[in-house]
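What follows is each chain in one-letter form.
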Protein chains: 2
Amino acid sequence: METKLKKDLKIFALGGLGEIGKNTYVIEYKNEMVLVDCGIKFPDNELFGIDYVLADYTYLKQNQDKLVGIFVTHGHEDHIGGLPFLLQDVKAPIYGGDFAVELIKSKLLEHKIKGIKFHQINNDTVVEFQNIKVRFFRTTHSIADSFGVVVTTPEGNIVHTGDFKFDLTPVGAGTDFQKIAEISSEGVLCLLSDSTNSEVPGFSVSEKRVGEAIEDIFQTVDGRVIFATFASNIDRIQQVVKSSLKYNRKMAIVGRSMEKTFEIGRRLGYISAPDEAFVSVNEIGKVPSNEMTIICTGSQGEPMAALARIANGTHRQISVIPGDTIVFSSSPIPGNTISVNRVIDKLHRIGAEIIHHKISEVHTSGHGKQEEQKLMIKLLNPDFFIPIHGEYRMLNQHVKLAEQCGIPAENCFILDNGDVLELSAEGGQVAGKVPAQPVYVDGSGIGDIGHIVLKDRRVLSQDGLVIVTMMIDREKKQLVNKPTVVTRGFVYVRESGDLMKNVEELIKDKIVTELAGGTKDWSSIKKAVIDVVNPFLYSQTGRRPMILPIIMEV
Amino acid sequence: METKLKKDLKIFALGGLGEIGKNTYVIEYKNEMVLVDCGIKFPDNELFGIDYVLADYTYLKQNQDKLVGIFVTHGHEDHIGGLPFLLQDVKAPIYGGDFAVELIKSKLLEHKIKGIKFHQINNDTVVEFQNIKVRFFRTTHSIADSFGVVVTTPEGNIVHTGDFKFDLTPVGAGTDFQKIAEISSEGVLCLLSDSTNSEVPGFSVSEKRVGEAIEDIFQTVDGRVIFATFASNIDRIQQVVKSSLKYNRKMAIVGRSMEKTFEIGRRLGYISAPDEAFVSVNEIGKVPSNEMTIICTGSQGEPMAALARIANGTHRQISVIPGDTIVFSSSPIPGNTISVNRVIDKLHRIGAEIIHHKISEVHTSGHGKQEEQKLMIKLLNPDFFIPIHGEYRMLNQHVKLAEQCGIPAENCFILDNGDVLELSAEGGQVAGKVPAQPVYVDGSGIGDIGHIVLKDRRVLSQDGLVIVTMMIDREKKQLVNKPTVVTRGFVYVRESGDLMKNVEELIKDKIVTELAGGTKDWSSIKKAVIDVVNPFLYSQTGRRPMILPIIMEV
């Protein structure tokens, strides 16, 4: 490869490329660097016991002096959830919209992180640094106060859309088309755009249409309405509040995250209702069914959320009564379908009516579909294009859309996390790599779980384990007692007949032979035990539990 | 409850109600009983390490003398997969269509089960027993030779649809509307009907339409076509064969189950192509790309199937080359979406073009939608209705459809597995229960895994385990050595600093105290160890591994 002049402008992601989650993007010019978002990712089923996944912050720690600010596009977990972890090591001011800032503050309070400087931004905010300046444009998404970020560098404007749709009849504030046009007229060097729905043709349904479906429900339902949705979708919740007020229903807000965002939403004026419209969860029983709305968490089938506990009959204050209508104002993300269906089935069994997105338009995606993605490209008309926020096939498809919109294929970059793109008007190339492997959080441990621990958990989860404890006399080189075998997650010992006794005999013979053969090396005895027990158990049970020999010396 | 006269006709399921899978239905009249289907269910993510789930066959074992025959509606695993397990204890003749019988025979051969009597049935077959007779009507589904079953009893006709859609332009044989009309004109006491798609409005797409989409692909694609679909969908495969022949492509059949069903399909005449149209997997490289079709398994993202291995670069003979088009002729079942997307992403990354059901009509469901379910009810006009083959919400929705078709609500029965419905023209009631809990198969063990083993596997998968081995002198009542701590799936010991040393000290102190307190009871020492280690580890790591104390006596 020919050596090229190193360019001053670098764009890369620590998370968010080739995946949905942990959005963490860096735009760097000379000695200044901005971070756009700092999210977490929720683990899939193969990450046994992991609570969440972070981006690798090594580069940010090592280049802390360059970091002029953290710019947050909106308050979803996959955009802000990493902040409490990053801010343990890296200090920088946070810029974000009102709702996002409130959510971050509440999160940092929980994590006992203090001393962070916040700047609440709006459509007119301009943040100037030495060589770069940062501006914002309001977008529409499934959470209030979503913004795109414009980083102006001497090389040109870099636009990061954040998550967006073009909701032309939004419930809250709308997309600022004028600001987008203004940026476009200045010229856009590079556009980084949300790829989530790049495989979905068409134009997404407006939140107002969802409001009509919600009103239809309130118009027709006679019993209680139990409305489950994402706690952060404050516009959706405001529509439920509006319909409840119109049909003279009291409301109860149920679930920890719902209570929190509801409080913030009211404080910021996004939810408007008089105090007397609400009852506490303990007072629900005093209100006639046809005058009661319960707004709760759990629309993704989360086992610990309010709705799952109501379905299981384990919620302390709320149980399903005849005439209840339960609305799932959501669509299950892949991986949650089975849990959601399980909750729906349980609710059906105890007699509730269920309304979900397949039978009524009670949900719409927060991410624009193909026509909206093309509209964003056409409005901003960038020289270069980087699809972000998506699994590989989504990024790939988004590039096809960009090509349809006239961006040459060679000006589109599908990057991996960690790929450093150096860019100027002449072109771009991946000129390096920064560490961007996933970092696992389990309990209070960050990054202390690696492949070996995960592999052990997988093996243990499949066939359990067999522990063989042997007491060996170091001097006499002989077994002191018969080896003992303990199992967990393997078989019911009670139902396994002579299996364990046979294993003990087998091991005893093996060790006696090994010791007689003059072995002094305990690790070779352990290996011999594994080599004899493993095939024996497989032949008897068809299973391969983890075999764990423990030698005690006397 | 008033005592009613015990009725002679009983209908119940050992599996298949409130779930998708392990279809196992019993229709019993006096001393005669027929079994309709005997399927397995694939485990969900919560059934750690379980290979598959069976119905409980206790009732069948205890009433073997009544069992006149096993009637198989079609050859899918959730209808035949339980046979090798049932037939270990219960002998009965098997009646089924040609394709199903071939699949069962091949399955019994693998399980080394011999001496089973088979009867190949067709549309005209009548099987007469003492009080009952059994007939069949051809249906359409996503596998060749699917039949509905009619059990004629002195109380009336019981109709079991099997899995069905109404494909009016099928690829293979079509629905026998005349036979259905004939049964209907005799009168139907009770209809048991497939509920899978009861939540989906409309009428399903014909297999012929899929054939057109397949032909479109062959008409336009220049490179190799790698076509992944369900091995059992022999009509789908025949359409690929037809298009391949038309466009002068050689074919290779890849994947164990694909090879097996392909061989059966050709033998039975459902797939027609000359021998010279095929090449072995080793000869693929010799054929020009635009003259090659690879038909393979793995359309559900199964990690061990051909397609996943091709995507991972671990298939011994096949790797993706530029110009390859890979067709997923399937739609992911819930729970498989993430695996399917993972395979698609990997194939995209290595440069393949991907066609799937969302961007082309390359798949259609084998289960009729609402209009087809209503058509079945209207055609058969039963007195009583039992929705089968579905999760609870599907059964529930199917009853709503039945009511729309004029079946009174009180004549519809949503049963659970094990509920015994006694039925006559006067009405029905659940009059008892038979054992119908799921039975887990793990390795060669059947039913030896219960809740405790599964719970242990879950705990082990989440936070791993900590084994504490203590050597205690029985006489002197004291610790012989320092306790040793071994962990698996918990933390990297290397990264855990003094954690394990601290645990060992903690335990030592605790045991010394316990022994000094005069404890003679080892189980109370074990409990004391757990009680001290558990909160300590939680405070240090936020995790709750399984604590397993082992005491060795000297």
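Going by the annotation in an unreviewed UniProt entry, the name recorded for chain A is Ribonuclease J, with Mesobacillus selenatarsenatis given as the source organism. Quoted straight from UniProt, the Function (unreviewed entry) entry for chain A says "An RNase that has 5'-3' exonuclease and possibly endonuclease activity. Involved in maturation of rRNA and in some organisms also mRNA maturation and/or decay." You can read under Subcellular location (unreviewed entry) in the UniProt record for chain A the words "Cytoplasm".

On to the domain arrangement of chain A, then. Residue and element names in this part refer to chain A. What the domain assignment reports for chain A is domain 1 (9–202 + 365–443), domain 2 (207–355) and domain 3 (451–553). When each unit is reduced to the centre of its C-alpha atoms, the spacing between domain 1 and domain 3 is 52 Å. Facing the 6 residues of domain 1 at the interface are 4 residues of domain 3. Interface area, domain 1 with domain 3, both sides summed: about 440 Å², of which 66% is carbon and sulfur. On the domain 1 side of the interface with domain 3, the three residues burying the most area are Phe48, Tyr440 and Asp442, jointly 83% of the side's total. Summed over the shared surface of domain 1 and domain 3, the result is 1 salt bridge. Between Arg457 and Asp442 there is a salt bridge whose closest N-O contact spans 2.7 Å. Within the side of domain 1 that touches domain 3, the residues separate by chemical class into 4 nonpolar, 1 polar and 1 charged.

Let us look at the interface of chain B and chain A. Contacts between chain B and chain A engage 67 residues on the former and 68 residues on the latter. Together chain B and chain A conceal approximately 5600 Å² of surface at their shared face, both sides included; 54% is due to carbon and sulfur atoms. Taken as a group, Arg349, Arg393 and Tyr492 of chain B account for 11% of the area that chain B buries against chain A, more than any other trio of residues on that side. Our count for the contact surface shared by chain B and chain A stands at 12 salt bridges. Two residues, Arg543 of chain B and Asp442 of chain A, come together in a salt bridge whose shortest N-O distance is 3.3 Å. For the interface between chain B and chain A, the tally reads 27 residue pairs in polar contact (both at pLDDT 80 or more). Elements with a minimum of two residues in the side of chain B that touches chain A: α10 (337–349), α12 (392–404), α13 (451–463), β23 (465–473), β25 (484–488), α15 (522–541) and β26 (546–553) of chain B. At 9 residues, α13 of chain B tops the list of elements feeding residues into the side of chain B that touches chain A. Its residues assigned to classes, the side of chain B that touches chain A comprises 22 nonpolar, 25 polar and 20 charged.

All names here are of chain A. Along the polypeptide, Gly75 turns up in the loop between β5 (67–72) and α2 (77–80). On the accessibility criterion, Gly75 (6% relative accessible area) is buried. Sequence-wise, Gly75 and Gly335 are 260 residues apart; in three dimensions their C-alpha atoms are separated by 22 Å. Ignoring anything within four residues of it in the chain, the contact list for Gly75 reads Ile80, Ala100, Leu103 and Ile143.

All names here are of chain B. Read from one edge to the other, the open sheet built from 8 strands follows the order β7-β6-β5-β3-β2-β1-β19-β20, with strand pairing classed as mixed. On the outer flanks of this sheet lie β7 (118–120) and β20 (427–433), each paired with one strand and no other. Across the sheet, the mean angle from the axis of one strand to that of its neighbour is 25°, orientation sign disregarded. Of the strand pairs in this sheet, strand β3 (residues 32–36) and strand β5 (residues 67–72) are connected by 4 bridges, and their pairing is parallel. Within β5, the residue paired with Leu35 across the bridge is Ile70. The sheet strands contacting helix α4 (residues 98–110) are β5, β6 (94–96) and β7, and the helix crosses β7 at an angle near 155°.

The next subject is the UniProt feature "binding site: Zn(2+) 2" (unreviewed entry) in chain A. Residues and elements named next belong to chain A. Look at the UniProt record and you will see "binding site: Zn(2+) 2" (unreviewed entry) annotated at Asp78 and His79. You can see Asp78 is positioned in helix α2. Under the relative-accessibility criterion, Asp78 is labelled buried at 16%. Looking at the element boundaries, His79 is found in helix α2.

Next up on the list: the relation of the copies chain B and chain A. Rotating chain B by 180° about the axis while translating it 0.0 Å along that axis superimposes it on chain A, leaving an RMSD of 0.1 Å. Taken together, the turn and the small shift mark the pair as related by a two-fold rotation axis. Measuring from the rotation axis to each C-alpha of chain B, the shortest distance belongs to Ser461 of chain B, at 2.4 Å. The overlap is high: 100% of the interface residues of chain B also sit at the interface in chain A, so the same surface is used on both sides.

Looking now at the packing of aromatic side chains. Considering all chains together, one arrives at 21 aromatic pairs over all chains under this definition. Arranged with centres 6.5 Å apart and planes meeting at 50°, the rings of Phe48 of chain A and Phe48 of chain B form a pair that is tilted. One end of the pair, Phe48 of chain A, is in the loop between β3 (32–36) and β4 (52–54); the other, Phe48 of chain B, is in the loop between β3 and β4 (52–54), on a second chain. The pair Phe48 of chain A / Phe48 of chain B is uniform in exposure class, with both members buried. Geometrically, the ring pair formed by Phe262 of chain B and Phe278 of chain B is edge-to-face, given 5.3 Å between the ring centres and 80° between the ring planes. Placement of Phe262 of chain B in helix α8 (residues 256–267) and of Phe278 of chain B in the loop between α8 and β15 (292–296) is noted, with a sequence separation of 16 residues between them. In this structure, Phe262 of chain B and Phe278 of chain B share a single accessibility class: buried.

The next thing to look at is the packing of helix α12 (residues 392–404) of chain A against α10 of chain B. Geometrically, a packed helix pair is captured by the angle between its two axes and the distance between the axes. Two numbers describe how α12 of chain A lies on α10 of chain B: the axes approach to 8 Å, and their chain directions differ by 50°. For the element pair α12 of chain A / α10 of chain B, the angle class is oblique. In this structure, α12 of chain A contributes Tyr392, Arg393 and Asn396 of chain A to the contact, and α10 of chain B contributes Asn341, Ile344, Asp345, His348 and Arg349 of chain B. Among the residues forming the contact of α12 of chain A with α10 of chain B, the class breakdown is 2 nonpolar, 3 polar and 3 charged.

Note: predicted coordinates in regions of low pLDDT should not be interpreted at a detailed level. Of all residues in chain A, 98% attain a pLDDT of 70 or more, and the chain-wide mean is 94. For this predicted complex, the interface confidence reaches an ipTM of 0.87, while the overall pTM sits at 0.91.

Counted by the stated rule, this structure contains 2 cavities of 30 Å³ or more. Each pocket or cavity is described by its volume, and for the largest cavity that value is around 40 Å³. Lining the largest cavity are Ile11, Phe12, Ala13, Leu17, Tyr25, Leu192, Ile386 and Leu415 of chain B. Here the lining of the largest cavity gets 3 residues from one element, more than from any other, and that element is strand β1 (residues 9–15) of chain B. Looking at the lining of the largest cavity, its residues break down into 8 nonpolar, no polar and no charged. What the second largest cavity holds in volume is close to 30 Å³. In this structure, the second largest cavity is lined by Ile11, Phe12, Ala13, Tyr25, Leu192, Ile386, Ile388 and Leu415 of chain A.

Each value, and the rule that gives it
- Residues numbered from 1 in each chain as written.
- Chains lettered and ligands numbered in written order.
- Predicted model: local features only at pLDDT ≥ 70, side-chain atom pairs only at ≥ 80, totals over all residues.
- Heavy atoms only, no water.
- UniProt positions renumbered as here; feature names shortened; annotations may be inferred.
- Domains from an automatic or database assignment.
- Contact = heavy atoms within 4.5 Å.
- Buried area = accessible area lost by both parts, 1.4 Å probe.
- Salt bridge = Lys/Arg side-chain N within 4 Å of Asp/Glu carboxyl O.
- Nonpolar A, V, L, I, M, F, W, Y, C, P; charged D, E, K, R; others polar.
- Polar contact = N/O pair within 3.5 Å; in protein donor to acceptor, adjacent residues only side chain to side chain.
- Helix = DSSP H or I, 4+ residues; strand = E, 2+ residues; numbered from the N terminus.
- Buried < 20%, exposed > 50% of the residue type's maximum accessible area, 1.4 Å probe, protein only.
- Pairing = 2+ DSSP bridges.
- Axes fitted to C-alpha atoms, helices over the stretch in contact; angles between N-to-C directions.
- Least-squares fit on C-alpha atoms with pLDDT ≥ 70 in both.
- Phe/Tyr/Trp six-rings, centres within 6.5 Å; stacked < 30°, edge-to-face > 60°.
- Parallel < 35°, antiparallel > 145°, perpendicular 65-115°, else oblique.
- pLDDT = per-residue confidence, 0-100.
- 1 Å grid on protein atoms, 1.4 Å probe; cavity = no way out; pocket = protein on both sides within 12 Å on 5 of 7 lines; lining within 4 Å.
- Points joined across faces, edges and corners; volume = space filled by probe spheres on them.

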